[in-house]
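Observations on the model geometry
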Amino acid sequence: QVQLVESGGGLVQAGGSLRLSCAASGLTFSSYTMAWFRQAPGKEREFVATISWSGGMTAYADSVKGRFTISRDNAKNTVYLQMNSLKFEDTAVYYCAARRSPLVPTTTSQVDSWGQGTQVTVSS
């Protein structure tokens, strides 16, 4: 079955950077659009960024636009999220998501598979 394993989370000071990775297995990776979502304590899971099959199309939540970059390496079955200029409000558990569709996922209901999540904590 599809397995998504996130890594790269941790504790960082405001203004710092982190790079999340999501290694996928059990799927034909290039046939899946991928995304990152996040969930802060007491809040609903929200969309962060998404990327098309080839990586040629990306989209971002307004709250992270210009600071975060999503990318993928189909040869390594891996999707990345480069996070720069981190803010306290970026603190959350970050989840990797996959959708078997040419349409990128931007809502939780459009996601077919989830990773277990990785904690990102930004200290102010």
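Nothing here was measured: the structure is a model prediction, and the numbers come from that model.

What counts and how
- Residues numbered from 1 in each chain as written.
- Predicted model: local features only at pLDDT ≥ 70, side-chain atom pairs only at ≥ 80, totals over all residues.
- Heavy atoms only, no water.
- Helix = DSSP H or I, 4+ residues; strand = E, 2+ residues; numbered from the N terminus.
- Rg over C-alpha atoms; globule rule 2.2 N^0.38 Å.
- Buried < 20%, exposed > 50% of the residue type's maximum accessible area, 1.4 Å probe, protein only.
- Contact = heavy atoms within 4.5 Å.
- Areas by Shrake-Rupley, 256 points an atom, 1.4 Å probe, with all protein chains shown as cover.
- Lys, Arg positive; Asp, Glu negative; His and termini not counted.
- Charge placed at Lys NZ, Arg CZ, Asp CG, Glu CD.

1. What about the overall build of the protein chain?
Looking only at helices and strands, the protein chain features zero helices and 11 strands. Listing the helices and strands of the protein chain from first to last along the sequence gives β-β-β-β-β-β-β-β-β-β-β. A globule of 124 residues ought to have a C-alpha radius of gyration of about 14 Å, and the protein chain, at 13 Å, matches this closely. Dimensions along the principal axes, computed over C-alpha positions, put the protein chain at roughly 40 × 25 × 25 Å. Counting the 124 residues in the protein chain, one finds 46% classified as buried. Within the protein chain, counting contacts between residues at least 6 apart in sequence, those at least 24 apart form 59% of the total. Working note: accessible area of the protein chain is about 6,200 Å², and carbon and sulfur atoms make up 47% of it. Between the centroid of the 11 positive side chains of the protein chain and the centroid of its 8 negative side chains there is a distance of 4 Å.

2. Side note on the side chain of S113
Relative to the helices and strands, S113 resides in strand β10 (residues 113–114). Those residues within four positions of S113 in sequence are excluded, and the remaining contacts are V2, L4, C96, A97 and A98.

3. Some remarks on the environment of A14
Along the chain, A14 falls in the loop between β2 (10–13) and β3 (18–25). Overall, A14 belongs to the partly exposed group, its relative accessible area being 44%. Considering only alpha carbons, one finds A14 and L86, 72 residues apart in sequence, at a separation of 5.3 Å.

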